[in-house]
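Listed below, chain by chain, are the residues.
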Amino acid sequence: MAYLGPRLGPSRVFLSGVSALRLVSSAGMDDMGLTMSRSSLERLEFDNVALKKLPLDPSEEQGVRQVKGACFSRVTPQPLTKPRFVAVSHQAQALLGLEGEEVMNDPLGPEYLSGSKVMPGSEPAAHCYCGHQFGQFAGQLGDGAACYLGEVKVPPGQDPELLRENPSGRWEIQVKGAGLTPYSRQADGRKVLRSSIREFLCSEAMFFLGVPTTRAGSVVTSDSRVIRDVYYNGNARHERCSVVLRIAPTFIRFGSFEIFKPADEFTGRQGPSYGRDEIRGQMMDYVIEMFYPEIQENYPDRVERNVAFFREVVLRTARLVAQWQCVGFCHGVLNTDNMSILGLTLDYGPYGFMDRFDPDFICNASDNSGRYSYQAQPAVCRWNLVKLAEALAPELPPNQAKAVLEEYLDLYNRFYLENMRKKLGLLKKEDPEDEILITKLLQTMHNTGADFTNTFRSLSLISCPTEENSEGEEDSVKKATDFLIEQCASLEELKAANKPTMDPRELAVLLSLAQSNPTLFQMISDRATIARQLERLSKLKDLMETTQEELKTKQAEDWTSWITQYRKRLARELEGQSDVQAVQEERVRVMDSTNPRVILRNYIAQNAIEAAEKGDFSEVQRVLKVLEKPFSSQPGLELPAWVGGGGTSAEGERDEGEEQQQEAATSRNPVPYDSKPPAWANEICVT
């Protein structure tokens, strides 16, 4: 109310007491009106507890540097030129008590939610953390592009379920791509439209799939540009600077505790706060008190409290990766700095949802060794938990941490089997042979090149055998088989999928080296990689000697065998049930609310990115709507917006190279969001 004084100053001199009183009253009402007309983002109530409870870097020095003895450094976000919204998630904005439509129409919205303008109460900062990247300790990393804006108090009336998951009573908000920080290393602290759209859409997609995740409130783009060489092949181009608003209870990660690490025996690097053990204790106190209050209350003994905390992190991590496996999600960069201390999916980079089922699926084109492949994720997450345990010592005694880690595999298997039983509609009984049935399903999917998502979605169409329909058993199996074969790969697709990724000459040299000089071989490759290449060669050889007709016959045989076994198991679900119809209906309901109809396939994201890069944001918004109801059919939202000629480029929005991209996009045959990916999707490369 700083403007109240100047208004009243002259009135005290020239007006009578009564008139002055009326003017004061009137000014108060005017002030209230101005308050009400302020941007809703200016009315957010911040309570930045992390900056009060954890050490803050006292240095004002600009530029990249080592930050010792601190968890956060104050930063100044760099403004964008002409920021504007690409899309807003109404449901994510609601976490902050905001109306999505109001935010979208707020003239200051794009500035505030890109960091170009700082909201009242916001205290921009960057978080210091370290990490093991691809198995090697990398030393100080930190928020190189992300910027903590503060913690917004939970608005009244928030969903109790959300409050259960976030007992702190605050939501931390970040902008990713807001410019340089002390942790930017050789980068510029900026993000571009394609990576920002991918993070925005996947953050929300995972939430609506029921997978624990950080959220994304908006994407903002601008006229500011940076140069990027997408495929590191010398073909750099200018791209628009863009920013994602990220929301979570906290973005503290495993790597946050690695800032105390002594010099690594392999890389020689050490954490910037090595020797500052008191800060580790502060961090653990903060995380447990704020986000695990029940553990804080139930364990007065500090060591017992810390063990209980670690056990809960292990449980949440096991549950999270089990959920990833069950929706065919591959993170791509499971370094310790990308693992949330709350068991959330964090940092969406070169992720990918699996199309054709392949346990060796690698979504990150930079992951040459397959360290972060789909089937490796459960083991890698355990490896990361080992590194977290090391980082928490001596607050977490190593012998007790080891005992807790022994629980991980059983926890993972329990969560995985629980999810898979729902996906198969096995709800009434827990048969010991269910694991075999699930394994055989995955083997059949792999052998036939079946689409992961659509195959599981189709299983609810397979009927349970009953006494009434026992005569039509053969017809039921054939009908189900025919439907599942539609989800299988063609001969040409399987040939392409099994083509070795290693040059034959390189493979020959490595095979020779494995025999003649095993020590040198271990330094440049590994037996698992070579085994995968040889397996591909063997499969490709078999496929080269097969016709499409022979392949289809073999696929039908494989599926008939599994469906017959599956229907026998479904029959056991009905044993002792008085209302068979009700059991059938419940099975279909649970399966169709567990197996998504739509996921964020790479080609869907790519269509949205290419439209946005030429100034048409409607496809990003349309895809978000589709992903908000992944288990349902949405009439009118079956195909991309551009199919009907919808969506137009804004004047001057087209980026370099977008003419060619648009020509390619319009020449593609459109496919529904819930279909198998088109052939051109195989050309998408994410690094």
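Residues numbered from 1 in each chain as written. Predicted model: local features only at pLDDT ≥ 70, side-chain atom pairs only at ≥ 80, totals over all residues. Heavy atoms only, no water.

A separate point is the overall build of the chain. Each helix and strand in the chain was counted, giving 26 helices and twelve strands. The C-alpha radius of gyration of the chain comes to 28 Å, within 12% of the 26 Å expected for a compact globule of 687 residues. Across its three principal axes, the chain shows a C-alpha extent of roughly 100 × 60 × 60 Å. For the chain, with 687 residues in total, the buried portion stands at 54%. As displayed, the chain has an accessible area near 30,800 Å², and 52% of this comes from carbon and sulfur atoms. Both charge centroids of the chain, one from 78 positive and one from 97 negative side chains, sit 3 Å from each other. (Helix = DSSP H or I, 4+ residues; strand = E, 2+ residues; numbered from the N terminus. Rg over C-alpha atoms; globule rule 2.2 N^0.38 Å. Buried < 20%, exposed > 50% of the residue type's maximum accessible area, 1.4 Å probe, protein only. Areas by Shrake-Rupley, 256 points an atom, 1.4 Å probe, with all protein chains shown as cover. Lys, Arg positive; Asp, Glu negative; His and termini not counted. Charge placed at Lys NZ, Arg CZ, Asp CG, Glu CD.)

Right, let's talk about helix α19 (residues 504-516) for a bit. Between its first and last C-alpha atoms α19 spans 18 Å; for 13 residues at 1.5 Å apiece the expected length is 18 Å, and the two agree. Every buried residue belonging to α19 is among L507, L510, L513 and A514, and all of these are buried. In a view along the axis of α19, the buried residues occupy a sector of 125°, so they form one face of it. Set apart from the buried face of α19 by more than 90 degrees, the exposed residues are P504, R505, V509, Q515 and S516. One side-chain oxygen of the residue at the start of α19 lies 2.8 Å from the amide nitrogen of R505, identifying that residue as D503. (Expected span 1.5 Å × (residues − 1). Arc of directions from axis to C-beta. Polar contact = N/O pair within 3.5 Å; in protein donor to acceptor, adjacent residues only side chain to side chain.)

This part is about the domain arrangement of the chain. Per the domain assignment, the segments making up the chain are domain 1 (41-398) and domain 2 (436-593). Computed over C-alpha atoms only, the centres of domain 1 and domain 2 are separated by 36 Å. Together, the buried faces of domain 1 and domain 2 total about 1,000 Å²; carbon and sulfur atoms form 56% of this surface. Here domain 1 and domain 2 share zero salt bridges between them. Linking domain 1 with domain 2 are three residue pairs in polar contact (both at pLDDT 80 or more), by the criterion used here. (Domains from an automatic or database assignment. Buried area = accessible area lost by both parts, 1.4 Å probe. Salt bridge = Lys/Arg side-chain N within 4 Å of Asp/Glu carboxyl O.)

Secondary-structure assignment places G121 in the loop between α6 (109-112) and β3 (125-127). Once the C-alpha coordinates of G121 and N48 are considered, the two residues, 73 residues apart in sequence, prove to be 8.5 Å apart. Residues within four places of G121 in sequence aside, it is in contact with F46 and N48. (Contact = heavy atoms within 4.5 Å.)

All right, on to the packing of helix α11 (residues 302-327) against helix α14 (residues 408-424) then. With their axes 8 Å apart at the nearest point, α11 and α14 run at an angle of 35° to one another. Between α11 and α14 lies a crossing of right-handed hand. Here α11 contributes V314, L315, A318, R319, V321, A322, Q323, Q325 and C326 to the contact with α14, which in turn contributes Y408, L411, Y412, F415, Y416, N419, M420 and K423. Residue classes in the contact of α11 with α14 are distributed as twelve nonpolar, three polar and two charged. (Axes fitted to C-alpha atoms, helices over the stretch in contact; angles between N-to-C directions. Left-handed = near helix turned anticlockwise from the far one by under 90°. Nonpolar A, V, L, I, M, F, W, Y, C, P; charged D, E, K, R; others polar.)

Let us now look at the packing of aromatic side chains. This structure, assessed with the given rule, holds 17 aromatic pairs. Relative to Y372, the ring of F134 lies with its centre 4.9 Å away and its plane at 45°, an arrangement referred to as tilted. Of this pair, F134 sits in the loop between β4 (130-133) and β5 (136-140) while Y372 is found in the loop between β12 (352-353) and α12 (377-392), placing the two residues 238 residues apart along the sequence. An angle of 75° between the planes, with centres 5.3 Å apart, marks the rings of Y292 and F309 as edge-to-face. Here Y292 is found in the loop between α9 (277-291) and α10 (293-298), whereas its partner F309 is found in helix α11, with 17 residues between them in sequence. For Y292, a relative accessible area of 4% translates into the label buried. Classification of F309 by relative accessible area gives buried; the value is 0%. (Phe/Tyr/Trp six-rings, centres within 6.5 Å; stacked < 30°, edge-to-face > 60°.)

With that settled, the discussion passes to the environment of L551. Turning to its location among the elements, L551 is positioned in helix α22 (residues 548-573). Once you skip the residues sitting within four places of it in the chain, L551 turns out to touch A489, S490, L491, L494 and T546.

Okay, the pattern of salt bridges next. Across all of its chains, the model carries 45 salt bridges by this definition. Put simply, R246 and D347 hold a salt bridge, and the shortest N to O gap is 2.8 Å. Of this pair, R246 sits in strand β10 (residues 237-248) while D347 sits in the loop between β11 (329-330) and β12, placing them 101 residues apart in sequence. For R246, a relative accessible area of 2% corresponds to the buried category. Linked by salt bridges that have partners in common, K176, E199, R246, R253 and D347 make up one network.

Here the focus is the side chain of T453. Here T453 is to be found in helix α16 (residues 452-458). With relative accessibility at 4%, the residue T453 sits in the buried group. Dropping the residues within four chain positions of it, T453 is found in contact with M354, P596, I599 and R601.

Moving on, we come to the pairing of strand β7 (residues 170-176). Of all seven residues in β7, seven are buried, a share of seventy percent or more. Bridging between strand β6 (residues 146-153) and β7 involves seven bridges; their strand directions are antiparallel. Along β7, the bridge assignment pairs V152 with W171. Where β7 lies against β10, five bridges are found, and the strand directions are antiparallel. Its bridge partner being in β10, K176 is matched across the sheet by V244. (Pairing = 2+ DSSP bridges.)

With 172 residues, the main nonpolar core has F310 and L600 as its most contacted residues. No other element matches the 13 residues that α11 contributes to this core. A domain split of this core shows at least three residues from each of domain 1 (41-398) and domain 2 (436-593). When sequence neighbours within four positions are dropped, the list of residues in contact with L600 reads R198, L201, C202, A205, Y351, F353, A605, V623 and L627. (Core = buried A, V, L, I, M, F, W, Y, C linked by side-chain atoms within 4.5 Å.)

Each pair of packed helices gets described by two things: the angle between the helix axes and the distance between those axes. As a packed pair, helix α17 (residues 473-485) and α22 sit with axes 9 Å apart at the nearest point and diverge in direction by 125°. Judged by the angle between their axes, α17 and α22 are oblique. Crossing angle aside, the handedness with which α17 passes α22 is right-handed. Where α17 approaches α22, its residues E473, S476, V477, A480, T481, L484 and I485 are matched on the opposing element by K552, Q555, A556, W559, T560, I563, T564 and R567. Taken together, the residues of the contact of α17 with α22 sort by class into seven nonpolar, five polar and three charged. (Parallel < 35°, antiparallel > 145°, perpendicular 65-115°, else oblique.)

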